[in-house]
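# Chain and residue survey
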Amino acid sequence: MPTNPSRELPLITKSSRVRELMSLMDRCAMGITLVVDQEQRLEATITDGDVRRAILLGIELDETTAQLLATRKDRGRPVTASAGTDADELRQLMAQCGVRQIPLLDPDQRVVDIALESDYLAASALGLDGFIMAGGFGKRLMPLTETCPKPMLPVNGKPILEHLVHKFRSAGIQHVSISTHYLAESIIEHFHDGKDFGVEIEYVGEDQPMGTAGALAKAAVGNLPLLVVNGDILTSIDFRAMLEFHREHSADMTIAVQQYEMRIPYGVVTTEGIDAIRIVEKPTVRNFVNAGIYLIQPGVCKMVPSDRTFDMPDLITSLISTGKRVICFPIREYWLDIGHIEHYERATQDASRGMV
């Protein structure tokens, strides 16, 4: 494969900060960074999945790439090929090793280019069906939602729901189900069968509110995993990376999570019985919160009862208690849950700055 001098290579050193690594990965958009020494000889590779696993383990942005590498289980030497390797051989190697990128090295093991699956294969439909939960009342956004369902509130000239449908289509999702209840007709009249938006849309009507997971009992489930998204979310999350992460870990459900920080405005005292053993002044507490985006295997929908309300926490608890694998996928892209007036105002501001 000839080198591409116009393409920036995602090269980084072990001393670089994690924030630099993430910025480089986003800028190059290859889903990988290559760790090299001062002579540009390859030392390791770091994938998008590696970064997200490190986030779950608590990696800090000011820590080094070497510290991030230390969080991984040893995978041995990365898959590489010699510069000039035939394209057919590279495709075969990618298929055999289950990788989408292969660093290309010169005889001295220096990186000269990177072979990408996308260099050889046309963009394919994502192996997912989509499901958007859009039946809620949006009570916290009153009076804006008195005559307009929350997913249809405009952001940057088009409804929140249209942003999501466009995101699904851009990711290669061809079939989308939308659950409806409150002011359902305004959603159906806008999207119809979805052809004008590049997807096939099917509606799942809720005669009465079924909870945040209940509509899944009525989902037309095929053989593909189901991407479920709340209809009040704006995000630039990489659905393809989420699916790859889901498959890599053989999960029954993958929950997208967002890191949430809260500063406690007091000194926090740790005790053992009546004894104080430590005090921390105004600490910041970090937790991962549910981002309202899920990947589920088709069989999971069978665990949702059709005769009562059922929420996502109920489904997650049922999966865990029955031994199913539930994993987390940390979001490091843009994400906003439009649950309150101030969130809607922020969405409008973000859109004006090109973030949406």
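To be clear, the structure that these remarks concern was listed above.
An account of the accompanying structure is given in this report. (Residues numbered from 1 in each chain as written. Predicted model: local features only at pLDDT ≥ 70, side-chain atom pairs only at ≥ 80, totals over all residues. Heavy atoms only, no water.)

A tally of helices and strands in the protein chain yields 10 helices and 19 strands. By its C-alpha atoms, the protein chain is 65 × 65 × 45 Å across when sized along the principal axes. Summing over all exposed atoms, the protein chain offers an accessible surface of approximately 18200 Å²; the carbon and sulfur share of this is 49%. The averaged location of the 48 negative side-chain charges in the protein chain is 3 Å from the averaged location of its 36 positive side-chain charges. (Helix = DSSP H or I, 4+ residues; strand = E, 2+ residues; numbered from the N terminus. Areas by Shrake-Rupley, 256 points an atom, 1.4 Å probe, with all protein chains shown as cover. Lys, Arg positive; Asp, Glu negative; His and termini not counted. Charge placed at Lys NZ, Arg CZ, Asp CG, Glu CD.)

Glancing now at the sheet that holds strand 17 (residues 284–296). Strand order across the open sheet formed by seven strands is 11-10-7-12-17-14-18, with mixed pairing between neighbours. Unpaired on one side and paired on the other, strand 11 (200–205) and strand 18 (326–330) mark the two borders of the sheet. Adjacent strand axes in the sheet meet at a mean angle of 35°, parallel and antiparallel pairs treated alike. Its contacts with the sheet put helix 6 (residues 160–170) on strand 7 (129–133), strand 10 (175–180) and strand 12 (226–230), and the angle it makes with strand 7 is roughly 170°. (Pairing = 2+ DSSP bridges. Axes fitted to C-alpha atoms, helices over the stretch in contact; angles between N-to-C directions. Contact = heavy atoms within 4.5 Å.)

Moving on: the side chain of Glu 333. Within the element layout of this structure, Glu 333 appears in the loop between strand 18 and strand 19 (335–337). Among the polar contacts made by the side chain of Glu 333, one reaches the side chain of Arg 52 at a distance of 2.5 Å. (Polar contact = N/O pair within 3.5 Å; in protein donor to acceptor, adjacent residues only side chain to side chain.)

Another aspect to go through is the pairing of strand 16 (residues 275–281). The side chains of a regular strand alternate between both faces of the sheet. Little of strand 16 sits inside the fold, with zero of its seven residues counted as buried. The antiparallel pairing of strand 15 (residues 267–272) with strand 16 creates a hairpin that spans two residues between the two strands, and Gly 273 there sits at a positive phi of about 65°. (Buried < 20%, exposed > 50% of the residue type's maximum accessible area, 1.4 Å probe, protein only.)

Time to look at the packing of helix 1 (residues 18–28) against helix 2 (residues 48–56). For the pair helix 1 and helix 2, interaxial distance at closest approach is 11 Å and the crossing angle is 145°. By crossing handedness, the relation of helix 1 to helix 2 is classed as left-handed. Judged by residue contacts, Leu 21, Met 22 and Met 25 of helix 1 engage Asp 48, Val 51 and Ile 55 from helix 2. The class makeup of the residues in the contact of helix 1 with helix 2 is five nonpolar, no polar and one charged. (Left-handed = near helix turned anticlockwise from the far one by under 90°. Nonpolar A, V, L, I, M, F, W, Y, C, P; charged D, E, K, R; others polar.)

With that out of the way, let us pick up a negative patch on the surface. Residues Asp 193, Asp 196, Glu 200 and Glu 202 make up a contiguous surface patch of negative charge. What makes Glu 202 partly exposed here is its relative accessible area of 31%. (Patch = residues over 30% accessible without salt bridge, like charges linked within 9 Å, V, L, I, M, F, W, Y side chains within 5 Å. Salt bridge = Lys/Arg side-chain N within 4 Å of Asp/Glu carboxyl O.)

In this structure, Leu 227 and Ile 293 are the most contacted members of the largest nonpolar core, which totals 48 residues. Within the second largest apolar cluster, 26 residues are counted, among which are Met 30, Leu 34, Val 51 and Leu 116. (Core = buried A, V, L, I, M, F, W, Y, C linked by side-chain atoms within 4.5 Å.)

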